[in-house]
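For reference, the chains in residue letters:
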Amino acid sequence: LPYEILKLLHPSHLVLLTAKPEEILVRRLKDKGRVREPDIEQIKEHLRMNEMFLATYATLSSSPCIVVHNSDGGLDRAVKQIVDVLNRVVCDWNG
């Protein structure tokens, strides 16, 4: 995300949705709609980059951030965490 776009968006909070590399690999292997190399090291590198981007964006925008883990079988929990963050944002805006 270019810095100029980040400034335009002016986020109040940032959320990173992630999962364990092994879970991502299994999901990719099951996904017949896309062709991707089953490379766990590439997945790990991508996850590290996502975390670095999150930290950078949070610093540049002075926004708090949260990492939500979307574990296998844990979709409802991940959704609840994101909804809780959104509810806090709305409450902050409404005073």
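Quick note: structure is the one above.
Residues numbered from 1 in each chain as written. Predicted model: local features only at pLDDT ≥ 70, side-chain atom pairs only at ≥ 80, totals over all residues. Heavy atoms only, no water.

Caption draft 1: Representation of the overall build of the protein within the structure. Secondary structure assignment for the protein yields four helices and two strands. Secondary structure elements of the protein, listed N to C terminal, follow the sequence α-β-α-α-β-α. Counting the 95 residues in the protein, one finds 24% classified as buried. Expressed as a percentage of contacts within the protein between residues at least 6 apart in sequence, the contacts between residues at least 24 apart total 65%. By element, 60% of the accessible surface of the protein is carried by carbon and sulfur atoms, the whole surface being about 7,100 Å². With 13 positive and 13 negative side-chain charges, the protein shows a spacing of 2 Å between the two charge centroids. (Helix = DSSP H or I, 4+ residues; strand = E, 2+ residues; numbered from the N terminus. Buried < 20%, exposed > 50% of the residue type's maximum accessible area, 1.4 Å probe, protein only. Contact = heavy atoms within 4.5 Å. Areas by Shrake-Rupley, 256 points an atom, 1.4 Å probe, with all protein chains shown as cover. Lys, Arg positive; Asp, Glu negative; His and termini not counted. Charge placed at Lys NZ, Arg CZ, Asp CG, Glu CD.)

Caption draft 2: Focus on the packing of helix α2 (residues 21-30) against helix α3 (residues 40-61). Contact pair α2 / α3: the axes reach a minimum separation of 9 Å and the direction vectors enclose 120°. In this view, α2 runs oblique relative to α3, as classed from their interaxial angle. Once α2 is placed against α3, the crossing between them reads as right-handed. The residues of α3 that touch α2, namely those facing P21, E22, I24, L25 and R28, are I40, I43, K44 and L47. (Axes fitted to C-alpha atoms, helices over the stretch in contact; angles between N-to-C directions. Parallel < 35°, antiparallel > 145°, perpendicular 65-115°, else oblique. Left-handed = near helix turned anticlockwise from the far one by under 90°.)

Caption draft 3: Up close: the nonpolar core. Of all hydrophobic cores here, the largest spans six residues; its members are L6, L14, L16, L54, Y57 and A58. If you list the elements that add at least two residues to this core, you get β1 (14-18) and α3. Contact partners of Y57, with chain neighbours within four places excluded, come to L1, L6 and L14. Membership of the second largest hydrophobic core comes to five residues, among which are A19, I24, L25 and L47. (Core = buried A, V, L, I, M, F, W, Y, C linked by side-chain atoms within 4.5 Å.)

Caption draft 4: Geometry of the pattern of salt bridges. Counting across every chain of the model gives seven salt bridges. The closest approach of N and O atoms between D72 and R27, which form a salt bridge, is 2.9 Å. One end of the pair, D72, is in the loop between β2 (65-69) and α4 (75-94); the other, R27, is in helix α2, with 45 residues separating them in the sequence. Among the residues examined, D72 registers a relative accessible area of 47% and is labelled partly exposed. Overall, R27 belongs to the partly exposed group, its relative accessible area being 30%. Put simply, D31 and R34 hold a salt bridge, and the shortest N to O gap is 3.8 Å. (Salt bridge = Lys/Arg side-chain N within 4 Å of Asp/Glu carboxyl O.)

Caption draft 5: Structural detail: α2. Among the residues of α2, P21, E23, I24 and L25 are the ones counted as buried. On its buried face, α2 sits against α3.

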